[in-house]
Amino acid sequence: MVYGRRGSGPKVQFEGTTPYADYTHIETLLSLQTPRTQSPAEYSFIVATQVMELLFTLLRHEWETARTQLDADDVRAATRTLRRSTSAQDVLVSSWQLLATLTPNEFGAFRDAFGEASGFQSYGYRHLEFLLGNKRPGMICPHAEMPSVVADLEKQLAEPSLDDAAKAVLARRGTTWLDVYSGSEQPDLYELGEVLMEIAERFIRWRQLHLTAVWRVMGDKPGSGGSAGASWLAKTVHDRPFPELWAVRNEL
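Residues numbered from 1 in each chain as written. Predicted model: local features only at pLDDT ≥ 70, side-chain atom pairs only at ≥ 80, totals over all residues. Heavy atoms only, no water.

Points about the overall build of the protein chain
Stated precisely, the cut-off is as follows: Numbering goes from the N terminus for both helices and strands, where a helix is a DSSP run of H or I of at least four residues and a strand is a run of E of at least two. Each residue is placed in one exposure class: buried if its accessible area under a 1.4 Å probe, protein chains only, is under 20% of its type's maximum, exposed if it is over 50%, and partly exposed if it falls in between. Working rule for contacts: check all heavy atoms of both residues, and any pair within 4.5 Å makes them a contact. Neither His nor the chain ends is counted toward charge; the positive residues are Lys and Arg and the negative residues Asp and Glu. Positions of charges follow a simple convention, taking NZ of Lys, CZ of Arg, CG of Asp or CD of Glu.
Regarding its fold elements, the protein chain presents 12 helices and zero strands. Dimensions of the protein chain, computed from the C-alpha atoms along their principal axes, are close to 70 × 60 × 35 Å. Residues counted as buried form 37% of the 252 residues belonging to the protein chain. The contacts of the protein chain with a sequence gap of at least 6 include a subset with a gap of at least 24, amounting to 69%. Positive and negative side-chain charges of the protein chain, numbering 26 and 32 respectively, have mean locations separated by a distance of 3 Å.

Printed below as a string of structure tokens:
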């Protein structure tokens, strides 16, 4: 039998692995799901968490790119980049559906297996917070024994946030968000403001779903990482990125 004959379809014979598996590192990726219990639900919990971390990395890439574009006064390019990132945010928000049917008993069957592990310790998520302007140096502390992570987070902490970069564009043009939303002839800045609001809204929605997921599987019990659990999440769930853009809504 002859496989992969020219013109008969896609090539199906390769030496070693396939180019697809090699390019995407599929074998490595699929080797990273290692449950610690026999609970069937643990696998979905691990996959959901890893999907979120990959999306954090993608969003960091997009938002850092947009920040660079704003620094270069290329507002339209930055807006396109940010608009593209909202699709990744939509997937991130939807990823909570992977855990939406998890019951308290199912979660409890493997919760002890991950010990003190907590999403609070995600440095990928911390990068996003810093990029959005929520810069709390103390949030680097959980990674003190990870020098490369600390250096990377400190660099992000020291650099302008997306909010800083957008406000710097406004300053260079001698305008404000209120001017932009009051009808000034700067449609590119208006579109920038709107996409930043879309990003903020999705970020808030992700945190809200996080809180809801915690309530669903463990109520108000303490969190695995030593926090107060849901009550700790509830304190920050409504924090709004880009506060000046929200404040403009009060003045229009």
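Now that the structure has been shown, the text picks up again.
Focus on the packing of helix 4 (residues 75-94) against helix 10 (residues 187-218)
The test is simple: Lines are fitted to the C-alpha atoms to define the axes, a helix being fitted only along its stretch in contact, and any angle between axes, read from their N-to-C directions, falls within 0 to 180 degrees. Here the angle decides the label: under 35 degrees means roughly parallel, over 145 means roughly antiparallel, 65 to 115 means roughly perpendicular, and every other value means oblique. The crossing is said to be left-handed when, going from far helix to near helix, the turn is anticlockwise and less than a right angle, and right-handed when the turn is clockwise. Ten residues, namely Ala, Val, Leu, Ile, Met, Phe, Trp, Tyr, Cys and Pro, are considered nonpolar, four, namely Asp, Glu, Lys and Arg, are considered charged, and the remaining ones, Gly among them, are considered polar.
As a packed pair, helix 4 and helix 10 sit with axes 9 Å apart at the nearest point and diverge in direction by 20 degrees. Judged by the angle between their axes, helix 4 and helix 10 are roughly parallel. For the crossing formed where helix 4 meets helix 10, the hand is left-handed. Residues of the contact of helix 4 with helix 10, tallied by class, amount to 13 nonpolar, four polar and eight charged.

Quick look at the packing of helix 8 (residues 162-173) against helix 10
Here helix 8 crosses helix 10 at 160 degrees, and the two axes come no closer than 12 Å. Classified by the angle between their axes, helix 8 and helix 10 sit roughly antiparallel to one another. The element helix 8 and its partner helix 10 pack so that their crossing is left-handed. When helix 8 is examined against helix 10, the residues Ala-166, Val-169, Leu-170 and Arg-173 are found in contact with a partner set consisting of Asp-188, Leu-189, Leu-192 and Leu-196. Residue composition of the contact of helix 8 with helix 10, grouped by class: six nonpolar, no polar and two charged.

Examining unusual backbone geometry
The bulk of non-glycine residues show a negative phi, and the bulk of peptide bonds are trans. With a phi angle near 65 degrees, Asp-73 is a residue other than glycine that sits in the positive phi range. Of note, Asp-73 is situated in the loop between helix 3 (40-71) and helix 4. With a phi close to 60 degrees, Phe-242 is a non-glycine residue in the positive phi region.

Topic: a nonpolar patch on the surface
Put simply, the test is: Patch criteria: residues need more than 30% relative accessible area and no salt bridge. Like-charged residues are merged within 9 Å; nonpolar side chains of Val, Leu, Ile, Met, Phe, Trp and Tyr are merged within 5 Å. In short, Shrake-Rupley with a 1.4 Å probe defines the accessible areas, and a residue's cover is counted only from the protein chains shown. For this document, the term salt bridge refers to a Lys or Arg side-chain nitrogen within 4 Å of an Asp or Glu carboxyl oxygen.
Together, Leu-29, Leu-30, Leu-32 and Leu-54 give the surface a local cluster of nonpolar side chains, amounting to about 380 Å² of exposed area. Within the element layout of this structure, Leu-54 appears in helix 3. Overall, Leu-54 belongs to the exposed group, its relative accessible area being 53%.

Looking at helix 5 (residues 104-111)
Under the convention used in this document: Think of the arc as the fan of directions from the helix axis to the C-beta atoms.
Residues of helix 5 that are buried include every one of Phe-107, Phe-110 and Arg-111, and no others. Here the buried residues of helix 5 occupy an arc of 110 degrees about the axis, which is enough to place them on one side. The inward-facing, buried residues of helix 5 abut helix 3 and helix 10.

Some thoughts on the packing of aromatic side chains
The condition that has to hold: Here a Phe, Tyr or Trp ring, Trp counted by its six-membered ring, pairs with any other such ring whose centre lies within 6.5 Å, and the pair is stacked when the planes are under 30 degrees apart, edge-to-face when over 60, and tilted otherwise. Charge-over-ring placement is defined geometrically: NZ (Lys) or CZ (Arg) within 6 Å of the ring centre, and within 35 degrees of the ring normal.
Enumeration according to the criterion identifies 13 aromatic pairs in this entry. Ring centres 5.2 Å apart and planes at 55 degrees place the aromatic pair Phe-45 and Phe-110 in the tilted group. Residue Phe-45 is located in helix 3, and its partner Phe-110 is located in helix 5; the two are separated by 65 residues in the primary sequence. Note on Tyr-125 and Phe-203: the rings are 5.7 Å apart at their centroids and 5 degrees apart in plane angle, and the pair reads as stacked. Remark: Phe-203 occurs in helix 10 and Tyr-125 occurs in helix 6 (residues 123-132); sequence separation between them is 78 residues. There is no split in this pair, since Tyr-125 and Phe-203 are both buried. The rings of Phe-56, Trp-96, Tyr-125, Phe-203 and Trp-206 are connected pair by pair, giving a single aromatic cluster. The ring centre of Phe-120 lies 5.2 Å from the NZ or CZ of Arg-126, which sits over that ring.

Considering the side chain of Ser-95
Checked against the element boundaries, Ser-95 lands in the loop between helix 4 and helix 5. What Ser-95 contacts, discounting residues up to four positions off in sequence, is Ala-48, Val-51 and Met-52.

A closer look at the pattern of salt bridges
Applying the stated criterion to the full structure yields 17 salt bridges. In this structure, Glu-191 engages Arg-83 in a salt bridge whose closest nitrogen and oxygen atoms are separated by 3.7 Å. Placement of the pair is Glu-191 in helix 10 and Arg-83 in helix 4, with a sequence separation of 108 residues. With relative accessibility at 37%, the residue Glu-191 sits in the partly exposed group. Here Lys-167 ties to Glu-244 by a salt bridge, and the two come within 3.6 Å at their closest N and O atoms. Residue Lys-167 is located in helix 8, and its partner Glu-244 is located in helix 12 (residues 243-251); the two are separated by 77 residues in the primary sequence. The exposure class of Glu-244 is partly exposed, given its relative accessible area of 41%. Taken together, the shared-partner salt bridges connect Arg-83, Asp-90, Glu-191, Glu-198 and Arg-202 into one network.

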